[in-house]
Structures are given as C-alpha cells and as structure tokens.
Amino acid sequence: MRKTGSKIQMRCSHAILFLGIVAFATSAFAQVGSPPSPSQNSQGSQATPLPLSGRNGQSGSVKASETPIAGTTTSVNTINPTVQVQGAYGGSTPSTSAAPFSGKLTLHDAIERGLRYNLGAIGLTQAVRQSHGEMRVARSALLPNVSANATETVQETNLKALGLRFSVPIAGFTFPTVVGPFNYIDFRARLSQTVLDLTQLNNYRAADQTLRANRFSAEDAHDLVTLAVGGEYLVVVAAKARMQSAQAQEDTANALFQQTSQERTVGVVAQVDLDRSQVEALTQQQRFVSLENELTKQKINLARMTGLPPNSNFDVADVPYSPAPQINVEDALSQAFQQRWDLRSGTAQVQAGERALAAARAERYPSLSVTADDGEIGTNPAQVRNTFTAVATLRVPVWQGGRTEGDVEQAQAVLDQRRAELEDTKGQVESDVRQAYSDLQAAATQVEVSLKNLAVTKETLDLTRQRFEAGVTDNVEVVQAQESVASAQMDYVNSVFAHNLAKLSLARAMGRVDQNLPTFLNTP
C-alpha cells in the first residue's frame with residue numbers, strides 16, 4: 001500500500017513538474033517570441049524593375065523651327081520662323097508676389113522668371129525629388145535597421161486547448177486546465193543588417209544612376225524653358241515691330257488719302273484716284289487691327305510662361321539685329337556632344353539599366369545578413385534580467401521557379417531599349433545643331449536682302465510720290481509702291497526675328513544655353 005502511494009505521489013510530482021514546464025515554456029515563448037527574422041524573405045532579394053523607356057516626357061516639348069515658304073513678286077520672304085510650345089512649358093505658377101513686376105519686361109527678366117516659375121522646370125524638379133526618395137529607400141536595404149519597443153503583457157494559458165489532458169486517480173484532486181494569469185515586462189532593441197547582398201547593392205546603384213539622369217533632365221528642362229520663353233519673347237518683339245510698321249503704313253496711307261481728297265476738291269485728280277487712296281487707307285487700318293490683336297495674344301502667351309498675370313498690360317524691350325558669333329558647324333557639334341544635358345541624361349539612364357541587369361543576375365548569388373535583439377525582461381521593472389538573441393543567415397539560392405531568369409530577361413529588354421534611345425538622342429543632337437546652323441546662315445542672308453529691298457522700295461515710294469505730286473502719274477503707282485514698302489518692312493522684321501530665333505536655337509542645340517545666350521543675342 002505504501003509502494004502504491006509512493007508511486008501515485010511520484011506521478012503527481014512528475015505531472016506537476018510537467019505542467020510547470022509547459023507553463024514556463026508558454027510564458028517564455030510569449031516573452032521572448034520568435035527569433036529575429038533575416039532581412040531577406042524566403043525567396044531572397046529581387047531586382048527592382050525599371051521602366052522600359054528612360055525618357056521623361058511628362059513636361060511636354062519645345063520646338064523652334066524655320067520652314068521655307070513660297071515667295072511672291074512683292075516679297076523676298078522665304079523663311080517662316082515658328083516656336084511650338086506644348087505641355088507644361090506653356091504654363092507657370094504666379095510670380096508677381098515673390099518677384100514684383102514693374103510693367104517692363106526684358107529678355108533677361110523673362111528668362112529668369114521662366115526658370116523659376118515655368119511649370120516645365122517645376123515638374124522635373126519634383127521628379128528629381130521623387131527619384132531622390134527612391135534612391136534613399138533602395139539604400140536603406142544596405143544600412144542597419146534598428147528598432148526599439150517596450151511591452152507589458154498579461155497572459156492566461158488554456159492547457160486543455162493546447163491538447164494537454166491528465167487523469168490522476170487521486171480522490172478530490174484535479175489538475176488545472178488554465179495556467180495564469182501571469183505578466184511580464186520587456187524592454188528590447190532589435191537590429192538587422194545586410195552584410196552581403198549584391199542584388200540590393202545593384203538596386204541602389206541603379207536608383208542612384210536614375211537620380212543622376214533626372215538631375216540632368218532637370219537641367220535640360222531649364223534649357224528648354226529658356227528656348228520656350230526666349231522664343232516667345234522674340235515672337236512678341238516681332239509682333240510689336242509688325243504692328244508699329246503697320247501703324248506707320250496706316251499713317252502714310254491716311255496722309256496720302258487726305259492729300260488726294262484735297263486735290264479731288266480742286267479737281268486735280270479723278271474720283272477713282274480718291275477711291276483708290278481710301279481703299280489703301282482702309283486696308284492698312286485692317287492690317288493694323290489684325291497685328292494689334294496678334295500682339296495681344298502673344299503677350300498673353302508670354303505672360304503664361306513666366307508667371308505674370310495672363311494679360312497684355314506690359315511692354316517688352318527690343319532685341320535688335322546683331323551678327324552671329326563666328327563658329328563653324330564642327331565646333332558647334334563638338335560642344336553639343338560635350339554639353340547637352342539630354343545626352344548626359346540618356347547616358348545615365350543606360351548606366352541605370354546596366355545596374356538593374358546586374359541586380360537581376362545577382363539573384364543567383366549567396367547573400368549574408370545578421371539580426372540581433374537585446375533587452376531586459378521580467379515580471380516588473382525591479383526584477384528584469386538581460387536576454388539577447390543573435391542570428392547570422394547565409395542564404396544560397398538553388399531554384400526559385402524561374403523568377404531570376406524572368407527578371408534578367410526584363411532587365412535586358414530595358415537596357416537594350418535605353419541604349420537605342422541614347423543612340424537616337426545622339427542623332428537628335430546632331431540634327432538640332434545642323435538644322436539651327438543652316439537656319440542661321442539662311443536668316444543672315446535674308447536680313448541682308450531684306451535691308452537692301454527695304455531701302456530700294458522706300459526710294460521708289462519717294463520718287464513715285466514726287467511724280468504724283470507733279471501730276472506726271474496717277475496714284476496707282478503710289479499705292480503699289482506703298483504696298484511694296486509695307487511688304488519689305490514686314491520682310492525685314494521677319495528676317496530679324498528669324499535670325500534671332502536661329503541664334504537662340506543654335507545656343508540651345510549646343511547646350512548650356514544660359515552661357516551661350518548673351519553671346520549669341522548680344523544681351524547682358
């Protein structure tokens with residue numbers, strides 16, 4: 001009987017010890033938790049995919065061109081200069097609150113306002129900020145990640161729910177099915193660090209090259225803003241000169257009409273001469289009204305690009321004709337290939353593609369990371385004890401279901417596309433320089449011809465008016481000569497505009513337009 005009682009007592013002691021171990025293990029697991037996980041997931045690091053194209057077209061485009069047009073018997077105009085501004089470069093944010101405006105806008109002031117407030121430059125500036133944030137995110141995978149927390153836990157464990165059931169043949173004794181409640185406090189810091197991960201390293205390098213490319217694109221956007229604002233400023237200057245020329249021709253036509261009216265009153269000229277003079281005066285008036293309306297609209301466009309209120313309540317300074325600097329096309333091409341920001345951006349985009357491809361290939365290589373935690377744990381702050389965990393993980397990829405091969409294929413396609421775009425950009429740079437250089441030569445010749453033609457037509461008008469006043473001829477020749485002067489004056493205005501626009505285009509085509517513009521347009 002005593003042996004039986006001893007056995008029962010021993011079994012009870014074992015059962016109580018087992019329950020204590022279970023409760024302790026449950027509590028300890030709850031307190032310590034699972035060991036720190038490696039920095040990589042079960043499939044390892046993955047290459048960050050890049051967009052197929054490295055070009056950023058969100059800000060629109062700016063294109064200055066000079067196209068030939070058919071000449072007439074009364075005009076030597078063979079070039080039609082235009083400035084095409086699309087997308088964000090046509091808009092801006094308000095600038096007058098930060099930069100007060102006096103009402104007189106110079107070319108330098110217009111470009112300065114455009115560089116600060118034009119929406120095209122602002123958009124790419126924000127793209128640089130975004131890519132900088134993406135680079136920092138990619139870099140964070142290579143740097144230590146540290147976190148700290150303080151927790152207080154109260155726990156009660158249901159042993160029966162865990163599958164622990166006991167049947168002890170002792171009358172009046174039952175094992176508890178619930179352990180607790182018990183509590184503990186944990187103050188803990190955790191660290192994870194990538195020691196070697198070539199995929200993450202190349203992801204960071206690709207993001208860094210993308211950031212460089214976007215910075216170059218932002219600089220190129222500044223050149224495009226200069227081309228857009230400077231080109232539109234020249235459009236306004238030309239429109240103003242055309243309107244002033246039309247006003248002078250209207251005054252001349254009105255003077256001729258008044259003279260003819262007086263002569264008709266005394267019977268010197270026929271009624272048909274008076275009617276012809278009146279038609280010419282009305283024609284010049286219509287021309288003036290049309291050109292005045294055109295000037296108003298072009299001023300509004302310029303105001304929209306520079307952050308000014310969208311109206312025409314301002315004046316612009318003239319940009320007179322000045323010879324272009326002496327430079328040959330080969331030197332211009334050499335400078336363009338060295339200085340063009342879009343070419344540098346394309347090169348950086350190719351380098352980003354190369355890093356992305358290296359990141360995809362590195363998915364096949366082993367990686368090493370360490371994680372650790374250290375803290376104080378106990379039932380209350382006075383009874384805490386130090387505990388820690390340290391884990392080093394060497395991960396060797398064996399087979400990932402073809403994911404690595406797919407990432408490599410995608411990265412290779414991106415790289416091939418960006419290399420093709422870089423070659424296209426090189427061709428575009430050369431095309432821009434050669435076209436701008438050709439336009440400049442043609443416009444310079446046109447200025448010379450238009451000046452000679454203007455001088456000849458003015459002399460012809462003077463002689464014809466003298467003959468008319470002497471009664472040698474009627475006013476048909478006077479009207480024709482006046483139309484020739486008006487046409488020659490418009491040709492001269494247009495040729496100076498074409499010449500200035502060609503210089504601006506060549507400065508943009510060569511790159512660093514902010515440095516080249518004062519020399520090309522002879523402005524401070």
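Bear in mind the structure is a predicted one, so any value in this text is a computation, not a measurement.

Each value, and the rule that gives it
Residues numbered from 1 in each chain as written. Predicted model: local features only at pLDDT ≥ 70, side-chain atom pairs only at ≥ 80, totals over all residues. Heavy atoms only, no water. Helix = DSSP H or I, 4+ residues; strand = E, 2+ residues; numbered from the N terminus. Buried < 20%, exposed > 50% of the residue type's maximum accessible area, 1.4 Å probe, protein only. Contact = heavy atoms within 4.5 Å. Areas by Shrake-Rupley, 256 points an atom, 1.4 Å probe, with all protein chains shown as cover. 1 Å grid on protein atoms, 1.4 Å probe; cavity = no way out; pocket = protein on both sides within 12 Å on 5 of 7 lines; lining within 4 Å. Points joined across faces, edges and corners; volume = space filled by probe spheres on them. Nonpolar A, V, L, I, M, F, W, Y, C, P; charged D, E, K, R; others polar. Expected span 1.5 Å × (residues − 1). Arc of directions from axis to C-beta. Polar contact = N/O pair within 3.5 Å; in protein donor to acceptor, adjacent residues only side chain to side chain. Core = buried A, V, L, I, M, F, W, Y, C linked by side-chain atoms within 4.5 Å. Salt bridge = Lys/Arg side-chain N within 4 Å of Asp/Glu carboxyl O. Pairing = 2+ DSSP bridges. Axes fitted to C-alpha atoms, helices over the stretch in contact; angles between N-to-C directions. Left-handed = near helix turned anticlockwise from the far one by under 90°.

(A) Representation of the overall build of the chain within the structure. Looking only at helices and strands, one finds 10 helices and 8 strands in the chain. Residues counted as buried form 44% of the 524 residues belonging to the chain. Restricting the contact set of the chain to residue pairs at least 6 apart, pairs at least 24 apart contribute 82%. Summed over all atoms, the accessible surface of the chain reaches about 27,200 Å², with 54% contributed by carbon and sulfur.

(B) Highlighting the layout of surface pockets. Approximately 900 Å³ is the volume attributed to the largest pocket. Along the wall of the largest pocket there are 37 residues; nearest its centre are Asp-220, Leu-224, Arg-340, Asp-342 and Arg-508. The set of elements that each furnish at least two residues to the lining of the largest pocket consists of strand 1 (61-68), helix 4 (198-265), helix 7 (341-361), helix 8 (403-469) and helix 9 (476-510). Per-element tally for the lining of the largest pocket: the top contributor is helix 8, with 10 residues. Taken together, the residues of the lining of the largest pocket break down into 10 nonpolar, 15 polar and 12 charged. Taken as a whole, the second largest pocket encloses approximately 540 Å³ of empty space.

(C) Looking closely at empty space enclosed by the protein. Applying the stated rule across the entire model yields 1 cavity of 30 Å³ or more. Volume-wise, the largest cavity comes out at about 80 Å³. Considering the residues around the largest cavity, the lining is formed by 12 residues, among which Asp-197, Thr-199, Ala-362, Tyr-365 and Ser-367 are closest to the centre. Grouping the amino acids of the lining of the largest cavity by side-chain chemistry returns 4 nonpolar, 5 polar and 3 charged.

(D) Examining helix 3 (residues 119-140) more closely. Here helix 3 contains 22 residues, and its C-alpha end-to-end distance of 32 Å stays within 8% of the 32 Å for a straight helix at 1.5 Å per residue. Among the residues of helix 3, those classed as buried are Gly-120, Ala-121, Leu-124, Ala-127, Val-128, Ser-131, Met-135 and Ala-138. When helix 3 is viewed along its axis, its buried side chains cluster within an angular range of 115 degrees and face the same direction. Across from the buried face of helix 3, at angles greater than 90 degrees, the exposed residues are Arg-129, Gln-130 and Val-137. Contact partners of the buried residues in helix 3: helix 2 (107-117) and helix 4. For helix 3, the N-terminal cap is Asn-118; the gap from its side-chain oxygen to the backbone nitrogen of Gly-120 is 2.9 Å.

(E) Structural detail: unusual backbone geometry. The phi dihedral of Arg-512 falls on the positive side, at around 55 degrees, and the residue is not glycine. Here Arg-512 lies in the loop between helix 9 and helix 10 (513-521).

(F) Examining the environment of Gln-489 more closely. Position of Gln-489 relative to the elements: it lies in helix 9. Discounting chain neighbours no more than four positions away, the residues touching Gln-489 are Ser-245, Leu-454 and Lys-458.

(G) Local environment of the nonpolar core. Counting 67 residues, the largest nonpolar core has Tyr-233, Leu-302, Val-433 and Leu-506 as the members making the most contacts within it. Tallying contributions element by element places helix 4 first for this core, with 18 residues. Apart from the residues within four sequence positions on either side, Leu-506 is in contact with Val-433, Ala-436, Tyr-437, Leu-440 and Phe-520. If you look at the next biggest cluster of nonpolar residues, it comprises 10 residues, including Leu-343, Ala-359, Ala-411 and Leu-422.

(H) Structural detail: the environment of Leu-282. For Leu-282, the position within the fold is in helix 5 (residues 271-306). On the basis of relative accessible area, Leu-282 is assigned to the partly exposed category, the value being 46%.

(I) Highlighting the pattern of salt bridges. Evaluation of the coordinates by the stated rule reveals 16 salt bridges. One salt bridge in this structure joins Glu-423 and Lys-426, with 3.5 Å as the shortest N-O distance. Taken together, the residues span about one helical turn, with Glu-423 and Lys-426 both in helix 8 at a distance of 3 residues. As a salt-bridge pair, Arg-467 and Glu-477 come within 3.2 Å of each other at their nearest N and O atoms. One end of the pair, Arg-467, is in helix 8; the other, Glu-477, is in helix 9, with 10 residues separating them in the sequence. Judged by its relative accessible area of 30%, Glu-477 is partly exposed. Ionic contacts of the salt-bridge type, sharing partners, join the residues Asp-220, Arg-340, Asp-342, Asp-432 and Arg-508 into one network.

(J) Focus on the sheet that holds strand 7 (residues 367-378). Overall, antiparallel pairing links the 4 strands, which are arranged 4-5-7-8 in an open sheet. Each end of this open sheet is capped by a strand with a single partner; those strands are strand 4 (145-158) and strand 8 (385-395). With direction set aside, neighbouring strand axes in the sheet form an average angle of 20 degrees. Here 13 bridges tie strand 4 to strand 5 (residues 178-196), and the two strands are oriented antiparallel to one another. Note on strand 5: the bridge partner recorded for Asn-158 is Val-178.

(K) Region of interest: the pairing of strand 5. In this structure, strand 5 lies alongside strand 7, joined through 11 bridges in antiparallel fashion. Bridge assignment links Ile-185 to a residue of strand 7, and that residue is Gly-378.

(L) The arrangement of the packing of helix 6 (residues 329-339) against helix 8 in detail. Taken N-terminus to C-terminus, the directions of helix 6 and helix 8 make an angle of 145 degrees; their axes are 10 Å apart at the nearest point. The handedness of the crossing between helix 6 and helix 8 comes out as right-handed. Contact with helix 6, carried on its side by Val-329, Glu-330, Ala-332, Leu-333, Ala-336 and Phe-337, involves Lys-426, Val-429, Glu-430, Val-433, Arg-434 and Tyr-437 of helix 8 and no other residues of that element. Classifying every residue of the contact of helix 6 with helix 8 by side-chain character gives 8 nonpolar, no polar and 4 charged.

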